[in-house]
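Structural characterization, general
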Amino acid sequence: LAGRGVRLHALLDFWETLAGGNVEAMPHFDPLRSTTNDVVRQAIIPISRNEGTAIGGRALAAVWSKGENVFATHMVTHTWSSLFLHLIAGIIADAFGAQYYMEVADILLRGPEDISKLRTALRERGLLEEAYWVCAFSVNQHAGICAGFGQAPVGH
(Lines give C-alpha, C1' and ligand atoms only; values in the text may rest on other atoms or scores of the structure.)
Protein backbone atom coordinates (compact mmCIF):
# COMPACT_ATOMS: atom_id res chain seq x y z
CA LEU A 1 0.00 0.00 0.00
CA ALA A 2 2.79 2.42 0.85
CA GLY A 3 4.12 2.37 -2.71
CA ARG A 4 0.80 3.24 -4.34
CA GLY A 5 1.04 6.98 -4.54
CA VAL A 6 -0.46 8.83 -7.50
CA ARG A 7 1.46 11.59 -9.25
CA LEU A 8 -0.27 14.84 -10.11
CA HIS A 9 0.35 14.38 -13.83
CA ALA A 10 -1.54 11.05 -13.68
CA LEU A 11 -4.48 12.70 -11.89
CA LEU A 12 -4.61 15.44 -14.51
CA ASP A 13 -4.41 12.88 -17.33
CA PHE A 14 -7.26 10.92 -15.76
CA TRP A 15 -9.33 14.08 -15.28
CA GLU A 16 -8.86 15.09 -18.92
CA THR A 17 -9.83 11.61 -20.08
CA LEU A 18 -12.96 11.58 -17.90
CA ALA A 19 -14.00 15.14 -18.69
CA GLY A 20 -13.44 14.54 -22.40
CA GLY A 21 -15.81 11.57 -22.36
CA ASN A 22 -12.97 9.25 -23.35
CA VAL A 23 -13.42 6.64 -20.63
CA GLU A 24 -15.34 3.80 -22.21
CA ALA A 25 -16.58 2.71 -18.80
CA MET A 26 -18.02 6.12 -17.93
CA PRO A 27 -18.83 8.17 -21.04
CA HIS A 28 -21.65 9.87 -19.10
CA PHE A 29 -19.24 11.48 -16.59
CA ASP A 30 -20.60 14.84 -15.49
CA PRO A 31 -18.18 16.93 -13.39
CA LEU A 32 -21.08 18.76 -11.75
CA ARG A 33 -22.91 15.56 -10.75
CA SER A 34 -20.50 12.61 -10.64
CA THR A 35 -19.37 11.72 -7.14
CA THR A 36 -16.18 9.97 -6.09
CA ASN A 37 -18.28 6.85 -5.53
CA ASP A 38 -19.64 7.08 -9.09
CA VAL A 39 -16.16 7.43 -10.57
CA VAL A 40 -14.71 4.57 -8.52
CA ARG A 41 -17.52 2.20 -9.47
CA GLN A 42 -17.92 3.23 -13.11
CA ALA A 43 -14.39 4.20 -14.18
CA ILE A 44 -11.67 3.20 -11.72
CA ILE A 45 -12.85 -0.37 -11.15
CA PRO A 46 -13.38 -1.17 -14.86
CA ILE A 47 -10.06 0.43 -15.85
CA SER A 48 -8.10 -1.46 -13.18
CA ARG A 49 -9.73 -4.83 -13.82
CA ASN A 50 -7.39 -7.67 -14.73
CA GLU A 51 -7.11 -8.03 -18.50
CA GLY A 52 -8.97 -10.94 -19.99
CA THR A 53 -11.25 -11.48 -17.00
CA ALA A 54 -14.46 -9.99 -15.70
CA ILE A 55 -13.36 -10.24 -12.07
CA GLY A 56 -10.42 -9.13 -9.97
CA GLY A 57 -7.95 -6.40 -10.54
CA ARG A 58 -5.53 -4.11 -8.78
CA ALA A 59 -5.26 -0.58 -7.53
CA LEU A 60 -5.41 1.98 -10.32
CA ALA A 61 -2.25 3.56 -8.86
CA ALA A 62 -0.44 0.27 -9.53
CA VAL A 63 -1.77 0.22 -13.10
CA TRP A 64 -0.59 3.77 -13.73
CA SER A 65 2.86 3.14 -12.21
CA LYS A 66 3.18 -0.19 -14.04
CA GLY A 67 3.83 -1.85 -10.70
CA GLU A 68 6.70 0.45 -9.69
CA ASN A 69 6.57 1.90 -6.18
CA VAL A 70 5.50 5.54 -5.96
CA PHE A 71 5.86 6.76 -2.40
CA ALA A 72 3.43 9.55 -1.58
CA THR A 73 4.41 12.61 0.40
CA HIS A 74 0.77 13.56 0.99
CA MET A 75 -2.21 11.54 2.19
CA VAL A 76 -5.72 12.55 1.21
CA THR A 77 -8.97 11.76 2.95
CA HIS A 78 -12.30 12.33 1.23
CA THR A 79 -15.96 11.51 1.28
CA TRP A 80 -17.41 9.09 -1.24
CA SER A 81 -20.47 11.29 -1.75
CA SER A 82 -18.62 14.47 -2.73
CA LEU A 83 -18.12 15.53 -6.31
CA PHE A 84 -15.09 13.90 -7.89
CA LEU A 85 -14.31 17.36 -9.25
CA HIS A 86 -13.83 18.62 -5.69
CA LEU A 87 -11.48 15.75 -4.81
CA ILE A 88 -9.20 16.42 -7.80
CA ALA A 89 -9.38 20.20 -7.37
CA GLY A 90 -8.57 19.87 -3.67
CA ILE A 91 -5.48 17.79 -4.38
CA ILE A 92 -4.20 20.22 -7.01
CA ALA A 93 -4.96 23.22 -4.80
CA ASP A 94 -2.97 21.56 -2.02
CA ALA A 95 0.00 21.15 -4.35
CA PHE A 96 -0.09 24.88 -5.05
CA GLY A 97 -0.36 25.59 -1.32
CA ALA A 98 -3.79 27.17 -1.79
CA GLN A 99 -6.19 27.28 1.11
CA TYR A 100 -9.29 26.77 -1.07
CA TYR A 101 -9.94 24.62 -4.14
CA MET A 102 -12.77 26.38 -5.99
CA GLU A 103 -10.46 28.36 -8.27
CA VAL A 104 -8.82 25.11 -9.37
CA ALA A 105 -12.26 23.52 -9.81
CA ASP A 106 -13.27 26.38 -12.10
CA ILE A 107 -10.13 25.85 -14.18
CA LEU A 108 -10.82 22.10 -14.46
CA LEU A 109 -14.34 22.87 -15.71
CA ARG A 110 -13.15 25.27 -18.42
CA GLY A 111 -11.60 22.54 -20.52
CA PRO A 112 -8.41 21.38 -22.21
CA GLU A 113 -6.79 24.75 -22.90
CA ASP A 114 -7.05 25.90 -19.29
CA ILE A 115 -6.06 22.46 -17.98
CA SER A 116 -2.95 22.72 -20.15
CA LYS A 117 -2.14 26.05 -18.50
CA LEU A 118 -2.69 24.46 -15.10
CA ARG A 119 -0.35 21.62 -16.05
CA THR A 120 2.27 24.14 -17.19
CA ALA A 121 2.01 26.03 -13.89
CA LEU A 122 2.48 22.78 -11.97
CA ARG A 123 5.45 21.83 -14.16
CA GLU A 124 7.09 25.24 -13.72
CA ARG A 125 6.85 24.84 -9.94
CA GLY A 126 8.22 21.29 -10.08
CA LEU A 127 4.94 19.83 -8.81
CA LEU A 128 3.82 17.42 -11.55
CA GLU A 129 5.74 14.56 -9.94
CA GLU A 130 4.31 15.22 -6.44
CA ALA A 131 2.69 12.02 -5.21
CA TYR A 132 -0.52 11.74 -3.20
CA TRP A 133 -2.01 8.67 -1.52
CA VAL A 134 -5.76 8.60 -2.16
CA CYS A 135 -7.70 5.47 -1.23
CA ALA A 136 -9.88 5.69 -4.35
CA PHE A 137 -6.73 5.16 -6.46
CA SER A 138 -4.28 3.59 -4.01
CA VAL A 139 -6.40 0.77 -2.58
CA ASN A 140 -7.29 -2.24 -4.68
CA GLN A 141 -11.01 -1.53 -4.99
CA HIS A 142 -11.54 -5.05 -6.36
CA ALA A 143 -10.54 -6.52 -3.00
CA GLY A 144 -13.18 -4.65 -1.03
CA ILE A 145 -15.66 -2.47 -2.87
CA CYS A 146 -16.59 -5.12 -5.44
CA ALA A 147 -17.43 -7.52 -2.65
CA GLY A 148 -19.92 -5.28 -0.93
CA PHE A 149 -19.44 -1.54 -0.60
CA GLY A 150 -23.01 -0.35 -0.26
CA GLN A 151 -25.40 0.08 -3.12
CA ALA A 152 -24.43 1.07 -6.64
CA PRO A 153 -25.36 4.66 -7.55
CA VAL A 154 -29.00 5.12 -8.55
CA GLY A 155 -29.67 5.42 -12.28
CA HIS A 156 -26.38 4.02 -13.53
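Residues numbered from 1 in each chain as written. Predicted model: local features only at pLDDT ≥ 70, side-chain atom pairs only at ≥ 80, totals over all residues. Heavy atoms only, no water.

Time to look at the overall build of the chain. Helix and strand counts for the chain stand at seven helices and three strands. Each helix and strand of the chain, placed in order from N terminus to C terminus, yields the pattern β-α-α-α-β-α-α-α-β-α. When the 156 residues of the chain are sorted by exposure, 46% land in the buried category. Expressed as a percentage of contacts within the chain between residues at least 6 apart in sequence, the contacts between residues at least 24 apart total 74%. If you sum the accessible surface of the chain, you get close to 8300 Å²; carbon and sulfur atoms cover 51% of it. (Helix = DSSP H or I, 4+ residues; strand = E, 2+ residues; numbered from the N terminus. Buried < 20%, exposed > 50% of the residue type's maximum accessible area, 1.4 Å probe, protein only. Contact = heavy atoms within 4.5 Å. Areas by Shrake-Rupley, 256 points an atom, 1.4 Å probe, with all protein chains shown as cover.)

Let us now look at the packing of helix α1 (residues 8-19) against helix α6 (residues 112-124). Contact geometry of α1 with α6 gives a least axis separation of 11 Å together with a crossing angle of 180°. For the element pair α1 / α6, the angle class is roughly antiparallel. Listed contacts from α6 to Leu8, His9, Leu12, Asp13, Trp15 and Glu16 of α1 are Pro112, Ile115, Leu118, Arg119 and Leu122. Each residue belonging to the contact of α1 with α6 can be placed in one class, and the counts come to seven nonpolar, one polar and three charged. (Axes fitted to C-alpha atoms, helices over the stretch in contact; angles between N-to-C directions. Parallel < 35°, antiparallel > 145°, perpendicular 65-115°, else oblique. Nonpolar A, V, L, I, M, F, W, Y, C, P; charged D, E, K, R; others polar.)

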